Amino acid sequence: MGEIVTVALLGLAATASNLVGAACGLYLRISKLVLSGILAFAAGALISALAIELAFGSATAMRNEGFSADQAWYLIGGGFAVGAVIYYIASLALERRGAAVRFPSRFREYAQSRRRQDAGETIRLLAKCDLLRYLPPEHIELLLLCVQRRRLKAGEVLFRAGDQADALYIVASGKVVVSEDGDAGAPDGRALAELGEGQAFGEMALLTGGKRTATVRARTDTELLAIRNEDFAEFLAQDAALAEAMRRLGHARALANLSAGGTHPATWAAVASSSLNQPSRREAERLLAEASHGAGLAIVLGNILDTIPGCLVIGAKYSAMHSISPTLLLGMIIGGLPEAAASANMLNRAGYRDRTILALWSTVIVTGVIAALAGNLLLGSSQSLIQSFFQAVAGGAVLALVAHAMIPEAIEEAGSLIVLPTVAGFLFALYLALTESLG
């Protein structure tokens, strides 16, 4: 009974700092540089504990039982790899469901991914326009600002023959009919063409203006992408070389070039998508509000995912107090403070109330106690090989956590300076390990 209580208290000690950190993030103004330094120090300590005490220690124990170095490496290395993959897949799945709002660095990656996803369909449609593919795809950021969406009801006329040509259009969904006269009610027998998704018309409006030579009306409810002359001219005005290249096309040459097809659409779209910059502050705030809506469960599960591996190792390794890795325990305690503080600040920006934020982070304490007990009861009493493998799995997940969240969070606020406290944490943990084993 005493062992169970001790293990539960260890799980509590390893995770209680998270709730303290959340409170600090909400009510205290601690320097972000200080918090980043603490987080980097903790990350260095955890890396040292995982490498020296868990990975190398378990491999040494296997060698003492008669296993070869290769066999020890396959078992321990395989466990670390499995744990890292499990953590990575689970964390990405939760972040897509809103858990990314917990941490600034994770949200930035989520926002960039969402932006590319949201813009991807528009870029794919733009890539089907031969004229636009003569523009460098690296300029897509500015070109997207020119794109407007317009909806037509079935039978509605977009423009008539003889109207001033004022925009290029691309069919996003639905169908339009191109007719040879100006009568909106022209019978289908006079139709010149029917255009569907991805097809463009009115390209020459961007080059030469002039009058429309046909009437276009919607056959079905239709959504169009539109780029107006004045917006396109403003886009070209921001790059003299680009404007000169478009001017040289000319009317006759443009027709010949358009028929040639230009760059392959998929290639142009791929380069354009990869050229998108980080979302603007206004766009990031919009994505933050959207991602946080109904994301409470994903946030809880994300916190649980970050907590379980380390506490499992603590519980599994416990047989007496001297068997517990002080660096692993210390790394979890220290790391919980700035990590939770950054998360609380982020969740507050996302619109969560203080009471809700503290409740979300309190789940970490409960999870830590349960995980430590589970590690002790399920792994602590298992055969040494099984215990070593599953400890390595948990260690791989902790290492993935360090690389996925702790170090990126520290870099988010302190930049390259976090190299120094990370190394300091590693050396401090190495000192503790050597003192314990050699002292």
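As shown above, the structure is provided for reference.
As the structure is a prediction and not an experimental result, all values here were calculated from the model.

J.: Let's hear about the overall build of the protein chain: which residues, and what values?
T.: For the protein chain, the count of helices and strands is 16 helices and 8 strands. Within the protein chain, the fraction of its 439 residues that count as buried is 49%. Considering only residue pairs separated by 6 or more positions, the protein chain has 84% of its internal contacts joining residues 24 or more positions apart. Carbon and sulfur atoms form 61% of the exposed surface of the protein chain, whose accessible area is close to 20,700 Å².

J.: Which residues make up the layout of surface pockets, and what are the values?
T.: Size it by volume and the largest pocket reaches roughly 670 Å³. The wall of the largest pocket is formed by 29 residues, among which Lys32, Pro104, Ala342, Asn345 and Glu413 lie closest to the centre. Those elements giving two or more residues to the lining of the largest pocket turn out to be helix H1 (2-27), helix H2 (32-64), helix H4 (104-126), helix H13 (326-349) and helix H15 (384-414). Broken down by element, the residue count for the lining of the largest pocket peaks at 7 residues, all from H13. Class assignment of the residues belonging to the lining of the largest pocket gives a composition of 17 nonpolar, 5 polar and 7 charged.

J.: Could you give me a rundown of the packing of aromatic side chains, with the residues and numbers involved?
T.: All chains considered together, the criterion is met by 8 aromatic pairs. Here the aromatic cluster, defined as three or more aromatic residues joined through ring pairs, consists of Phe159, Tyr169 and Phe201. In this structure, Arg212 packs its charged tip against the face of Phe159, placed 4.1 Å from the ring centre.

J.: Explain the sheet that holds strand E5 (residues 191-195) to me, and be specific about the residues and the numbers.
T.: Note: strands within a sheet are paired through backbone hydrogen bonds, in either parallel or antiparallel orientation. Taken together, the 4 strands give an open sheet; going across it, the order is E2-E7-E4-E5, and neighbouring strands pair in antiparallel fashion. Of all strands in the sheet, those bounded by a partner on one side alone are strand E2 (157-159) and E5. When strand polarity is set aside, the average angle formed by the axes of neighbouring strands in this sheet is 25°. Judged from the 4 bridges that link them, strand E4 (residues 176-179) and E5 form a sheet pairing that is antiparallel. Across the sheet, Val176 pairs through a bridge with Leu195, a residue of E5.

J.: Summarise the pattern of salt bridges; cite the residues concerned and give the values.
T.: This model, assessed by the stated rule, comprises 13 salt bridges. Salt-bridge contacts for Lys175 lead to Glu194; the nearest nitrogen and oxygen are separated by 3.7 Å. On the criterion of sequence distance, the pair formed by Lys175 in the loop between strand E3 (167-173) and E4 and Glu194 in strand E5 is long-range, its members being 19 residues apart. Residue classification places Lys175 among the partly exposed positions, given a relative accessible area of 38%. Residue class for Glu194 comes out partly exposed when judged on its relative accessible area of 39%. Each of Glu95, Arg106 and Glu109 takes part in one network of salt bridges that share partners.

J.: Provide a residue-level description of the sheet that holds E3, including the pertinent values.
T.: Taking strand neighbours across the sheet as the criterion, the 4 strands line up as E1-E8-E3-E6 in an open arrangement whose pairing is antiparallel. Each of the sheet's edge strands pairs with one partner strand only, and the pair in question is strand E1 (147-152) and strand E6 (200-201). Pairing of E3 with E6, which is carried by 2 bridges, proceeds in the antiparallel orientation. When the bridges of E6 are listed, Tyr169 appears paired with Phe201. The sheet contacts of helix H7 (residues 229-237) involve E1, E3 and strand E8 (222-228), and relative to E8 the element is tilted by about 50°.

J.: Go over the pairing of E3 with me, naming the residues and quoting the values.
T.: Within E3, 6 of the 7 residues are buried, which leaves the element mostly enclosed by the surrounding structure. The pairing of E3 with E8 spans 6 bridges and is antiparallel. Each residue of the ladder has a partner; that of Ala167, found in E8, is Arg228.

About the cut-offs
Residues numbered from 1 in each chain as written. Predicted model: local features only at pLDDT ≥ 70, side-chain atom pairs only at ≥ 80, totals over all residues. Heavy atoms only, no water. Helix = DSSP H or I, 4+ residues; strand = E, 2+ residues; numbered from the N terminus. Buried < 20%, exposed > 50% of the residue type's maximum accessible area, 1.4 Å probe, protein only. Contact = heavy atoms within 4.5 Å. Areas by Shrake-Rupley, 256 points an atom, 1.4 Å probe, with all protein chains shown as cover. 1 Å grid on protein atoms, 1.4 Å probe; cavity = no way out; pocket = protein on both sides within 12 Å on 5 of 7 lines; lining within 4 Å. Points joined across faces, edges and corners; volume = space filled by probe spheres on them. Nonpolar A, V, L, I, M, F, W, Y, C, P; charged D, E, K, R; others polar. Phe/Tyr/Trp six-rings, centres within 6.5 Å; stacked < 30°, edge-to-face > 60°. Lys NZ or Arg CZ within 6 Å of the ring centre and 35° of its normal. Pairing = 2+ DSSP bridges. Axes fitted to C-alpha atoms, helices over the stretch in contact; angles between N-to-C directions. Salt bridge = Lys/Arg side-chain N within 4 Å of Asp/Glu carboxyl O.

Take it as geometry only, folks, not as evidence of what the structure does.
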